[in-house]
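Okay, here's what each chain looks like letter by letter:
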Amino acid sequence: GEDVEQSLFLSVREGDSSVINCTYTDSSSTYLYWYKQEPGAGLQLLTYIFSNMDMKQDQRLTVLLNKKDKHLSLRIADTQTGDSAIYFCAENEGNTGFQKLVFGTGTRLLVSP
Amino acid sequence: EPEVTQTPSHQVTQMGQEVILRCVPISNHLYFYWYRQILGQKVEFLVSFYNNEISEKSEIFDDQFSVERPDGSNFTLKIRSTKLEDSAMYFCASIGALVNEQFFGPGTRLTVL
């Protein structure tokens, strides 16, 4: 079945850039997502990219998609301590937008002052 | 800004008891989902619901689980006879007209003793 993999942990200093990586297996996914989960909170939709794009920028966030290698990354510029959270990569299964999401394990980002 | 809400935030129950987890999706959304996250594991899809019926369910969603939209606003997940392994965070999500944006609630932490 579909699988999404992420590294478990990333530690950066405040002001540096963070790059969180993700690989997925379902080549038919229409959209790929990044969600953020702060301690005790739900899943906040950060950004998403349509599968026929290779890059999307949204303020401090840059999403890169390499469809050939099935690799997705999230770059956070000028990382702040408030960015400390778990970041989940997810793909939607299938070729329409309303199908279920398949999540990665989540990457815990720790930003130190 | 509209958001998905869930109650209760934490539910403790004895093994074998029935629980009902409640969700209020974003008004005018049409597709509804339940996911769960066992501590330290991935967020897993349980079930999707559209037009008053289940559109897809996972292997986890066995006969002990059921979903209902009893009125125009609530979306519930019932577990008939809870097991220890049902202990998890349960997330409700919904999608509206923009089918590529799935919004999640804050979750209900279910603890089965």
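On a predicted model such as this, the values are computed, not experimentally measured, just so you know.

Engineer: Quick question: what am I supposed to make of unusual backbone geometry here?
Structural biologist: Leaving glycine aside, a negative phi is the common case for residues, and trans is the common case for peptide bonds. Omega for the bond connecting T7 of chain B with P8 of chain B falls within 30 degrees of zero, at -10°, which places this linkage in the cis form. Structurally, P8 of chain B is set in the loop between β1 (5–7) and β2 (10–13). Even without being a glycine, Q59 of chain A presents a positive backbone phi close to 55°. Relative to the helices and strands, Q59 of chain A resides in the loop between β6 (55–58) and β7 (61–66).

Engineer: Would you mind going over the nonpolar core with me for this structure?
Structural biologist: Here is a general trend for soluble globular proteins: nonpolar side chains tend to be buried in one another's company. All names here are of chain B. Core analysis: the biggest nonpolar cluster contains 22 residues, and W34, L46, F61, V67, F75, L77 and Y90 have the highest contact counts within it. Every element with two or more residues in this core is listed here: β3 (19–24), β4 (31–37), β5 (43–50), β7 (65–68), β8 (75–79), β9 (88–95) and β11 (108–112). When residues no more than four places from it in sequence are discounted, the contact partners of Y90 are Q6, L21, W34, Y35, R36, L46, F65, L77, I79, G107, T108 and L110.

Engineer: How do you make sense of the sheet that holds β7 of chain B when you look at a structure like this?
Structural biologist: Consider a sheet: its strands pair through backbone hydrogen bonds, and that pairing is either parallel or antiparallel. Residue and element names in this part refer to chain B. Read across the open sheet, the four strands follow the order β1-β3-β8-β7; overall the sheet is antiparallel. In this open sheet, the two strands that pair with only one neighbour each are β1 and β7. For this sheet, the mean angle separating the axes of adjacent strands, direction not counted, is 20°. Examined bridge by bridge, β3 and β8 share five bridges and lie antiparallel to one another. Pairing of L21 across the sheet is with L77, part of β8.

Engineer: For this particular structure, what's the right way to read the environment of F45 of chain B?
Structural biologist: Positionally, F45 of chain B belongs in strand β5. The class of F45 of chain B is buried, set by a relative accessible area of 6%. Once you skip the residues sitting within four places of it in the chain, F45 of chain B turns out to touch K100 and L101 of chain A together with Y33, W34, Y35, E56, K57, S58 and I60 of chain B.

Criteria and thresholds
Residues numbered from 1 in each chain as written. Chains lettered and ligands numbered in written order. Predicted model: local features only at pLDDT ≥ 70, side-chain atom pairs only at ≥ 80, totals over all residues. Heavy atoms only, no water. Helix = DSSP H or I, 4+ residues; strand = E, 2+ residues; numbered from the N terminus. Core = buried A, V, L, I, M, F, W, Y, C linked by side-chain atoms within 4.5 Å. Buried < 20%, exposed > 50% of the residue type's maximum accessible area, 1.4 Å probe, protein only. Contact = heavy atoms within 4.5 Å. Pairing = 2+ DSSP bridges. Axes fitted to C-alpha atoms, helices over the stretch in contact; angles between N-to-C directions.

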